Amino acid sequence: MSQIKTEVLIIGGGIGGAAIARELSKYKVDATLVEKGPDVGQGITKCSSTIMCQGSNVLEFRSEYHNSRLVWAGMTMMEPLCKELDIPLKRIGSLELIKNQEEMRHPEKMMRRFKEYKGKYIPDEVEPLQFIDRDTLRSWEPNVNKSYLGALYDPNIAVNDPVRLTIALADNARKNGIKVLLDTEVMSISKGTDEFEVCTNNGSIKCRYIINAAGEYVGKIAQMADADDFALYPVKSYQAVLDKKLGGIINHMVLSNENGMVAPTIHGNLFFGISPGTQRLGKAHDHSTDKKLADAALKNAQELVPGISERDITNSFVGFIVFRNFEIGWHECTVGVSRWVPRFINASIGFPGICAAPAVAKEMIDILRNQGLQLTENPDFDPYEKSMPDFSELSDEEKRQIIAKDPKYGHVVCRCETVTEGEIVEAIKRGARTLDGVKFRCRPGMGRCQGGFCGPRVTKILARELGISEEEVTKKGGESRNLLYKSKELLEAQQ
Amino acid sequence: MKLQDIDVAVIGAGPAGMAAAIRAREAGAENVIIMERAEELGGLLHQCVHNGFGLLYFNEDLTGPEYGNRFIEKVMDTGVKPLLETMVVKLTEDRQIGAVNAKEGFITFRPKSVVLAMGCRERSRGALNIPGSRPSGVLTAGTAQRFVNVEGFLPGKRIVILGSGDIGMIMARRLTLEGAKVEAVVEILPYIGGLIRNEVQCLHDFDIPLYLQHTVTQIHGEERVTAVTIAKVDADRNPVPGTQRKIQCDSLLLSAGLIPENELSLMAGIRLDPVTGGAVVDETRQTNIAGVFAGGNVLHVHDLVDNVSWESELAGESAAKFAMERDLGEKGTINLKAGTNIRYIVPQTISGQRDTTLYMRVNEPQENVRIKIGDIMTKTVRAVKPSEMIKIELSSEKLQKVNKETKEIIVSCEKRGGK
């Protein structure tokens with residue numbers, strides 16, 4: 001078992017932890033990020049709705065809430081951040097549909113509140129909300145249910161790929177000097193007078209500051225240090241991705257009063273989702289979808305966009321929204337030093353966590369300084385990353401060029417998403433070690449056949465590139481091997 | 001052969017593509033190419049190591065690879081040019097093809113005619129929308145078949161199979177022979193999805209339990225499948241409360257339907273039949289785009305490879321004729337419409353001028369029926385099942401009853417003697 005020392009330990013490699021690590025890498029500091037899984041962004045980040053810059057349309061948020069202020073502050077940070085990291089971000093805008101006369105009052109109230117908050121809590125660059133009438137709605141979105149009377153339009157809403165963003169944040173942090181330790185799970189934390197000793201499955205880590213960005217497990221980690229001065233209230237949401245052939249039928253994110261929404265993804269699919277509002281999870285860390293939620297989400301989505309059919313679902317999953325501080329308000333977050341343990345900082349964003357991440361990361365710098373950490377600028381900080389080539393997006397001429405340079409780009413492995421061997425090898429070079437790691441970097445298996453065709457082929461490439469046997473290849477680390485035995489192995493064992 | 005001079009380009013080198021390409025050559029087309037994304041010709045036949053292939057076509061009982069090899073040899077003998085490890089990524093409405101491979105890079109060309117033979121894919125877990133966690137160990141029966149028969153690995157040793165399609169039942173037997181225990185085959189319908197011969201030879205002969213009118217209601221396990229919950233379903237296919245039962249297993253195989261692979265067809269603007277999921281064609285197997293033909297599972301899912309070969313030969317022959325003569329004569333103007341207990345008919349339109357074979361499926365199993373092709377002809381059949389395709393030959397003499405005014409012929413399946 002190894003023993004290392006670091007000044008700041010970030011626990012959790014989701015978007016929160018990765019954004020904090022990258023922000024810290026702008027300074028000269030000895031910091032380490034630990035992630036229990038084999039890859040970053042594979043917890044609740046993976047399950048998020050991909051909607052960015054949410055905030056101006058959720059004005060039910062209150063300025064009193066720290067969470068709301070973070071979300072609003074994050075709104076203008078996302079676009080430049082994505083540019084630096086070469087992650088596509090698309091402003092699609094959202095349309096909150098209005099069903100009846102009673103709901104007509106809602107856009108007015110929201111627009112008024114927007115004006116009131118603008119410049120104060122909402123940055124000046126944020127575009128104002130608008131009301132659009134029935135005819136405009138129909139011309140913008142001819143496939144939305146014709147019965148809606150109009151919509152509240154928020155032009156700021158954008159989509160991107162939060163897992164790719166998290167991977168890029170972690171890569172950039174690593175490049176700028178932050179240590180990133182994968183497969184490293186925190187087992188216990190003991191408090192000394194001026195340092196913590198964190199025991200992991202890979203040895204112990206001594207550190208002066210802990211940033212608890214463990215997402216869904218933020219409570220568990222805080223408890224280890226008796227720093228759990230908050231109450232968790234996790235709720236489940238449900239999302240389903242639809243076949244790309246439906247991609248173009250909706251242009252904006254459309255949502256209704258009933259917690260349902262339909263939106264395009266950055267990759268050209270449509271997806272729909274539902275949040276069950278205040279319905280508490282049955283069991284902690286239960287990631288399973290259930291039929292009731294799935295049926296309700298589908299019904300809701302069909303109400304918004306009648307052209308959606310169950311037949312076109314290619315995948316569905318549970319998203320987590322971790323609400324906390326129930327007594328104060330549903331949307332309040334836990335970002336700050338534990339009231340009970342100095343230098344132990346909880347950084348749990350809750351909903352909508354992706355949007356707030358850059359603002360949380362910025363705030364973390366002030367919190368650390370307040371806790372006594374000396375932070376001087378890192379003169380060598382390089383903010384840029386280059387995303388990997390996406391063969392399917394290249395022009396015919398670019399396709400020719402890249403194949404001429406590396407013939408592996410001429411070998412299409414995933415037919416649904418047109419992913420080449422060249423991209424898969426590049427993804428592995430960039431750190432993918434599991435089938436999911438490859439899938440979330442370059443999409444083989446994300447299409448309509450869900451890896452039925454390319455699964456065996458990606459397995460082979462992973463085994464070859466990593467120098468392991470095909471049986472050792474896992475879906476997502478741990479016990480998730482795909483192939484448990486060799487042919488004839490069971491027969492030989494029976495003899 | 002220069003890309004500019006290609007007469008017939010066949011997309012896909014499974015049984016359909018090979019049969020189409022061979023026949024196109026035999027029918028006189030000079031330059032025929034077959035484009036295949038895999039490393040070799042034959043498609044999925046390589047992983048179908050069981051027998052039962054060719055009973056009709058060759059009057060012999062062959063394995064998949066044996067059946068495939070006969071066509072592979074013929075592809076070579078007839079001078080069809082295979083382009084392997086070549087993926088067609090683009091098809092336009094004026095028959096422009098864009099394809100990539102490692103050797104030539106990105107190539108584009110416009111053949112005189114095209115045969116679509118891309119086959120089909122399996123319905124995935126996502127498409128089935130099965131509730132539960134997302135562990136490894138959930139895979140389609142065909143993927144499992146490739147792992148076991150081609151790659152040399154077993155997904156696990158305690159298996160549950162959802163759906164009773166042919167590949168699922170065949171894999172139940174295959175995995176049993178490999179020493180795994182198949183705990184259950186679970187089918188939501190009151191009857192099996194595949195052929196009766198597979199139910200007998202793959203399930204009954206190996207004492208594998210079959211649960212009809214049951215479904216998987218939950219998948220358990222965080223990293224790897226640990227169990228599934230199954231339940232009985234009611235007439236509306238909803239789980240009946242109180243009938244849930246947890247089965248310990250390490251793998252869940254899915255064999256619950258096949259979907260024709262028509263993404264290229266959609267790109268080209270080819271009109272699809274919402275029931276078959278394949279192109280709408282006339283008796284020459286021409287789609288709504290002149291010079292683009294389709295045959296085999298890309299057109300509609302077959303249960304016997306023999307029919308795939310025959311149908312694709314027809315598509316290949318038409319493609320050759322189109323390439324040489326630019327015209328196929330009378331177009332399909334008469335619509336064949338599915339009536340009582342008929343799910344679909346292929347071709348969807350006919351000209352009424354040629355001998356033709358109608359392929360069709362029923363919605364529900366039924367005994368002692370009469371299949372009526374409008375008032376042209378009737379055929380009595382002892383039993384029909386959705387899983388078994390019905391073939392009816394329609395001779396041009398019978399079609400003389402059809403006149404220029406006929407716009408539609410209703411095909412129906414009715415109980416014999418009274419109702």
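Residue positions are given per chain, counting from 1 as you read along its sequence in written order. Numbering of ligands from 1 and lettering of chains from A proceed in the order in which they are written. At least 70 in pLDDT is required for a residue's local features to be given in this predicted model, at least 80 for side-chain atom pairs to be given and counted, and no such filter applies to totals for whole chains, interfaces and linings, which use all residues. Side-chain figures throughout are based on the complete set of non-hydrogen atoms in the structure, without hydrogens or water.

(A) How the structure looks around the overall build of chain A. Numbering of helices and strands starts at the N terminus; helices are DSSP runs of H or I of at least 4 residues and strands are runs of E of at least 2. For chain A, the count of helices and strands is 14 helices and 22 strands. Every radius of gyration here is taken over C-alpha atoms, with the globule rule written as 2.2 Å times N^0.38, N being the number of residues. For 495 residues, the compact-globule formula gives about 23 Å, and the C-alpha radius of gyration of chain A, at 23 Å, lands near that figure. Considering only C-alpha atoms, chain A reaches an extent of 70 × 55 × 50 Å along its principal axes. Accessible areas in this description were obtained via Shrake-Rupley with a 1.4 Å probe; residue shielding takes into account the shown protein chains only. Carbon and sulfur atoms form 48% of the exposed surface of chain A, whose accessible area is close to 20100 Å². Positive residues here are Lys and Arg, negative ones are Asp and Glu, while His and the chain termini are left out of the count. Taken as the charge location is NZ of Lys, CZ of Arg, CG of Asp or CD of Glu. Chain A carries 65 positive and 67 negative side-chain charges, and their two centres are separated by 2 Å.

(B) Fine view of the nonpolar core. Working definition of a nonpolar core: buried Ala, Val, Leu, Ile, Met, Phe, Trp, Tyr and Cys residues. They are joined through side-chain atoms within 4.5 Å. Only protein chains enter the accessibility calculation, which uses a 1.4 Å probe; a residue is then buried when its area is under 20% of its type maximum, exposed when over 50%, and partly exposed in between. Counting residues in each nonpolar core, the largest one holds 52 residues, and the members touching the most others are A:Ile20, A:Leu24, A:Leu165, A:Ile211, A:Val360 and A:Met364. Of the residues forming this core, the biggest block, 10 residues, is contributed by helix 9 (residues 353-370) of chain A. Discounting residues that sit within four places of it in the chain, A:Leu165 has contacts with A:Ile15, A:Met78, A:Leu81, A:Cys82, A:Leu85, A:Ile87 and A:Asn160. Listed in part, the 34 residues of the second largest apolar core include B:Ala20, B:Val308, B:Ala319 and B:Ala323. In this analysis, two residues are considered to be in contact whenever any of their non-hydrogen atoms come within 4.5 Å of each other.

(C) Structural detail: the interface of chain B and chain A. If you look at the interface, chain B gives 53 residues, while chain A gives 55 residues. Defined here as a combined quantity, buried area equals the accessible surface (1.4 Å probe) lost by two parts on assembly, summed across both. Summing both partners gives a buried area of about 4600 Å² for chain B against chain A, and 52% of it is carried by carbon and sulfur. Interface area lost by chain B to chain A is led by B:Phe106, B:Arg134 and B:Phe153, which between them contribute 14%. Every case where a carboxyl oxygen of Asp or Glu lies within 4 Å of a side-chain nitrogen of Lys or Arg is listed as a salt bridge. Our count for the chain B to chain A interface comes out at 5 salt bridges. In this structure, A:Lys460 and B:Glu151 form a salt bridge, with 3.0 Å as the shortest nitrogen-oxygen distance. Definition of a polar contact: a pair of N or O atoms within 3.5 Å, with one able to donate and the other able to accept a hydrogen when the atoms are protein atoms, and with sequence-neighbouring residues admitted only if both atoms are side-chain atoms. The tally of links between chain B and chain A comes to 27 residue pairs in polar contact (both at pLDDT 80 or more).

(D) Broad picture of a positive patch on the surface. Residue and element names in this part refer to chain B. Patch membership needs two things, relative accessible area over 30% and no salt bridge, and members are linked within 9 Å if like-charged or within 5 Å if nonpolar (Val, Leu, Ile, Met, Phe, Trp, Tyr). A cluster of basic residues, Arg370, Lys372, Lys415 and Arg416, forms a positive patch at the surface. When you line up the elements, Arg416 lands in the segment after strand 29 (408-415). Arg416 gets classed as partly exposed once you look at its relative accessible area, which sits at 32%.

(E) Quick peek at the pairing of strand 27 (residues 377-384) of chain B. Two elements, strand 26 (residues 366-373) of chain B and strand 27 of chain B, share 7 bridges in a ladder whose sense is antiparallel. When the sheet's bridge partners are listed, B:Glu367 is paired in strand 27 of chain B with B:Ala383. Two strands are counted as paired when DSSP detects at least two bridges linking them.

(F) Fine view of the sheet that holds strand 25 (residues 356-362) of chain B. Residues and elements named next belong to chain B. Spatially, 3 strands are ordered 23-25-28 in an open sheet, and the strand pairing comes out antiparallel. With partners counted over all chains shown, the strands left at the sheet margins are strand 23 (342-346) and strand 28 (390-394), one partner each. Direction aside, neighbouring strands of the sheet carry axes that sit 25 degrees apart on average. Two strands pair when backbone bridges link them, and strand 25 and strand 28 are joined in this way by 5 bridges, in the antiparallel orientation. Across the sheet, the residue bridging to Tyr359 is Lys391, located in strand 28. The angle between two axes is taken between their N-to-C directions and runs from 0 to 180 degrees, where each axis is a line fitted to C-alpha atoms and a helix contributes only its stretch in contact.

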